[in-house]
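Commentary on secondary and tertiary structure
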Amino acid sequence: MVNGTFGVPVEEDAHEQAAQHEKFIALDIIEQLKISGLAGTGKTTLLKIFLDQETIVGRNILLLAPTGKARVRLGQQTGPAVRFPIGEPMYADPIPSTRLSRRRLRAYPVSFTVAARFWEIGMKRMFHTRMNDSFVAYSDFMWRNGFRERELGDFVSFVLHRQMNRPAPVAVAGRGAWLIDSEGKEYLDACSGAAVSALGHNDPAVAQAVADQMSRLSYTHTSFFSSEPAERLAQSLVEKAGEPFSHVFFTSSGSEAVEAAIKFVRQHFVEKGEPERRHVIGRWQSYHGNTLGALSAGGNKLRRGLYSPLLLDMHHIDACYAYRGQVKGESLDAYGIRMADQLEAKILELGSETVASFIVEPVVGATLGAVAAPATYFPRIREICDRYGVLLVFDEVMCGMGRLGSLFAFEHVGVRPDIVCIAKGLASGYQPIAAMLLAEDVVKPVFNGTGSFMHGHTYQAHPVTCAAAEVVLSKISTPEMLTRVRDAGKRLMDGLRVRLGNSPHVGDIRGEGLFLAVEFVADAATKEPFPHTMKLNALIKREAMDRGLLVYAMGGTLDGQTGDHVLLAPPFIVSDEEIDRIVEVFAEASFAALDQVAPQAVAPSISADGEKRGTDHGI
């Protein structure tokens, strides 16, 4: 492979390797042309490309000259020829005449290997896609989508990436708390992706369980069969959760689990003889998933905004967010009661006989960043729900499955819901699985009524995903593992407070177990946030990633637009040395980003031995 870009000297044998590779591709394309019947035909001008004595005939094609030996001739005539510099792929619009216009050529400074792949993929895509005579070459797509100035490595992506004009690096391997990309760069995964990889990467026991299950039974539809892994996993979850839970419904994602909960609550009340109960109440600045029902229940204003005309009519109360909501002179306990009482007010406003459920994250994850409620909040919530016959649904997709140092988050807050949704850590990312656990009293009306949940998915209770989750659950639920989560979380929290706590731009460092977050502000004294246009959270993520550290950075902490926080949720198997590295690299990245938005404004921090660090932030 050749990694040198246009204008960068490379070894002579690299040229030879590139030439051989492109000759192979050229021969392959010739065969494709013959198969497609396009060779020597076309109503628009034909282009002939000469490469190492082989002739390729096409129309409106992507022009590449990676070996320096290629030249272009137009139409059936000889026409003008153009020589291209080594390693410089070229772009061509459809050309209606035999005259080659340099105005229509654009250069892509990418590697030799990329040039070959542009050729290979672009040509095949063109000749397999018989669109019309005015077909615009694949390169036009590349040009319009911003690839013209990027070094893409050894591939062209057809994936619709989260950032479409900025493809992500390609991860090729993982071990423990580390990931490795296609360039060999290593990243310490300080957020477990999205609080997913509880066991880290490449756990041999989980991999073996998946392989073993695949060799026995890879799939069965739940309208015909159950499976042994699904039955065992459900039993294990119910036993570990304890009363009042009696049944489990498996899905493939947290969003699907929340959708299932919303639907089951509705069916519960219809079959119970209370069809008027239809309202769902959630909280602002919460997140329950991206499907329409889950998005409607959630209160992430940024994610809701674009789709607001499509969302269901659901209702919200304020988040319990003491850092910003507790007023002067108010105790934390009093604040918790005051915020919980908003639920009662909303129920009475809607009509107590019409409210079906209240859905809430025991510890708010992505939207607010590891925000826990005061100890008085959830007992009061449970009391209000019981008083008015409203079902309490806990969304533990992010904060559950050991992340807080207890297997279920409801154990941590001391209140048992009627339904709990779990995902992410359930299979630690080894397979896509989520689940809804239901209390026996919630299931009974449906069990004794129609006996059928009017909902389902093709891949629910998939035997392979359940097999993976079964092994993961057995590992993350041990007393030793949960103790390790609490101890590691304390070490991480202590380190963050030492390195970041004295900065005037760190407003709050919070969380439980290995579910922590840092909220950044323009002024810690006033809690004034940075303007959202500065995109501080994105800067921190970039600076951390450049240094080989992955963190979960989010904006819109206050209102869906303004505010910055970074979530840290490393794998449970993270070592003390890796925790210390997370602290140091994260501090470096944070101060580097802050220097870009607030130069000379970061206060010195205090090291673990009490020594004051200089104004260079100790970097």
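Above this text you will find the structure in question.
These numbers were taken from a predicted model, which means no experiment stands behind them.

Things to note about the sheet that holds strand 19 (residues 515–520)
Across the sheet, four strands lie side by side as 18-19-22-21; this open sheet has antiparallel pairing. Each edge of the open sheet is held by one strand with a lone partner, namely strand 18 (506–512) and strand 21 (552–555). Taking the axes of each pair of neighbouring strands and ignoring which way they run, one obtains an average angle of 20° across the sheet. Note: strand 19 against strand 22 (residues 564–568), five bridges, orientation antiparallel. What sits directly across from Val 518, in strand 22, is Val 566. Contacts from helix 18 (residues 576–597) reach strand 19 and strand 22 within the one sheet, and its direction differs from that of strand 19 by about 20°.

Details of helix 15 (residues 463–476)
Its 14 residues place the ends of helix 15 20 Å apart at the C-alpha level, agreeing with the 20 Å of an ideal helix rising 1.5 Å per residue. Most of helix 15 is tucked away: eleven of the 14 residues are buried. Looking at the buried residues of helix 15, the elements they touch are helix 5 (204–216), helix 6 (228–241), strand 9 (245–251) and helix 16 (479–500).

A look at the nonpolar core
Ranked by internal contacts, the top residues of the largest apolar core, which has 107 residues, are Leu 237, Phe 250, Phe 358, Leu 437, Leu 496 and Phe 586. It is helix 18 that provides the largest number of residues to this core, a total of eleven residues. If we skip the residues at most four places from it in the chain, Phe 586 touches Leu 496, Leu 500, Val 518, Phe 520, Ile 540, Leu 549, Val 551, Val 566, Leu 568 and Arg 581. Ranked by size, the runner-up nonpolar core spans 29 residues in total, among them Phe 249, Val 397, Leu 438 and Val 443.

Structural notes on the sheet that holds strand 20 (residues 549–550)
Read from one edge of the open sheet, four strands run 6-7-8-20, paired in mixed fashion. Only two strands of the sheet have a single neighbouring strand rather than two, namely strand 6 (171–175) and strand 20. Across two bridges, strand 8 (residues 186–189) lies against strand 20 in parallel orientation. By the bridge assignment, Leu 188 is partnered in strand 20 with Leu 549.

What counts, and where the lines are drawn
- Residues numbered from 1 in each chain as written.
- Predicted model: local features only at pLDDT ≥ 70, side-chain atom pairs only at ≥ 80, totals over all residues.
- Heavy atoms only, no water.
- Pairing = 2+ DSSP bridges.
- Helix = DSSP H or I, 4+ residues; strand = E, 2+ residues; numbered from the N terminus.
- Axes fitted to C-alpha atoms, helices over the stretch in contact; angles between N-to-C directions.
- Contact = heavy atoms within 4.5 Å.
- Expected span 1.5 Å × (residues − 1).
- Buried < 20%, exposed > 50% of the residue type's maximum accessible area, 1.4 Å probe, protein only.
- Core = buried A, V, L, I, M, F, W, Y, C linked by side-chain atoms within 4.5 Å.

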